[in-house]
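Fold and contact review
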Amino acid sequence: ATGAVNVTGFIYSLVHPWEWSVVPTIMFVAGTWFVMNGKALLPKALPPGTEVILATAVATLYSMNFEYSGGVVGEIPTLDADAGMKIPGTDFVLPIELLDYNRIVEAPVAER
């Protein structure tokens, strides 16, 4: 029944565009266009999927810097101020966290 509810909501949204919010619609259309056409615009040396990462990064930066208050899939996780990877020779620290491989492998699988 959950699938039928999701499909019904999707169809309702498609046939009621006047209820769409402007900013998410523009972000969706621009992001989809960039993901579909990004390979032609980006240098060939970049790995496959770079256009997806860039579109996600731009949307994330937009939502962080312009106080986007619309619907979000999830909150941006916080990171300890001292955590991250320091770039050698600079004072710059990349705010990333390396995950423990064993923790990922041993994660419980959702049961149906």
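Read on for a plain summary of the structure. (Residues numbered from 1 in each chain as written. Predicted model: local features only at pLDDT ≥ 70, side-chain atom pairs only at ≥ 80, totals over all residues. Heavy atoms only, no water.)

It is worth spelling out the overall build of the protein chain at this point. Counting secondary structure elements, the protein chain contains 4 helices and 2 strands. Residue burial in the protein chain is summarised as follows: out of 112 residues, 7% are buried. Across the protein chain, the fraction of contacts at a sequence separation of at least 24, relative to all contacts at a separation of at least 6, is 15%. About 10100 Å² of surface is accessible on the protein chain, with carbon and sulfur atoms providing 67% of the total. (Helix = DSSP H or I, 4+ residues; strand = E, 2+ residues; numbered from the N terminus. Buried < 20%, exposed > 50% of the residue type's maximum accessible area, 1.4 Å probe, protein only. Contact = heavy atoms within 4.5 Å. Areas by Shrake-Rupley, 256 points an atom, 1.4 Å probe, with all protein chains shown as cover.)

Moving on, we come to the environment of Tyr68. Considering the arrangement of structural elements, one finds Tyr68 in the loop between helix H3 (50-65) and strand E1 (85-86). Along the backbone, Tyr68 and Pro24 are 44 residues apart, and their C-alpha atoms lie at a distance of 9.4 Å. When neighbours within four sequence positions are excluded, Tyr68 is seen to be in contact with Val23, Pro24, Tyr62 and Ser63.

For the structure shown, the criterion picks out 1 salt bridge. Lys86 is the partner of Asp91 in a salt bridge, and the nearest nitrogen-oxygen pair spans 3.8 Å. Per residue, the accessibility class of Asp91 equals that of Lys86, and both read exposed. (Salt bridge = Lys/Arg side-chain N within 4 Å of Asp/Glu carboxyl O.)

Here the focus is the side chain of His16. You can see His16 is positioned in the loop between helix H1 (2-15) and helix H2 (22-41). Looking at His16, the relative accessible area reads 18%, which means it is buried. At 2.7 Å, the side chain of His16 and the backbone oxygen of Tyr12 are in polar contact. (Polar contact = N/O pair within 3.5 Å; in protein donor to acceptor, adjacent residues only side chain to side chain.)

Mapping Lys44 onto the fold places it in the loop between H2 and H3. Among the polar contacts made by the side chain of Lys44, one reaches the main-chain carbonyl oxygen of Lys39 at a distance of 3.4 Å.

A word on H2. Of all the bends in H2, the greatest measures close to 45° and is centred on Val35. Of all the positions in H2, only Gly31, Phe34 and Gly38 are classed as buried. On its buried face, H2 sits against H3. (Bend = angle between axes of the 7 residues up to and from the residue.)

This next bit is on the packing of H2 against H3. What describes two packed helices is the angle between their axes and the distance between those same axes. Here H2 crosses H3 at 160°, and the two axes come no closer than 8 Å. As judged from the angle between their axes, H2 and H3 are roughly antiparallel. Here H2 runs over H3; the crossing is right-handed. Facing Val23, Met27, Gly31, Phe34, Val35, Gly38 and Lys39 of H2, the residues of H3 in contact are Glu51, Val52, Leu54, Ala55, Ala59 and Tyr62. (Axes fitted to C-alpha atoms, helices over the stretch in contact; angles between N-to-C directions. Parallel < 35°, antiparallel > 145°, perpendicular 65-115°, else oblique. Left-handed = near helix turned anticlockwise from the far one by under 90°.)

Nothing here speaks to function; it is geometry throughout.
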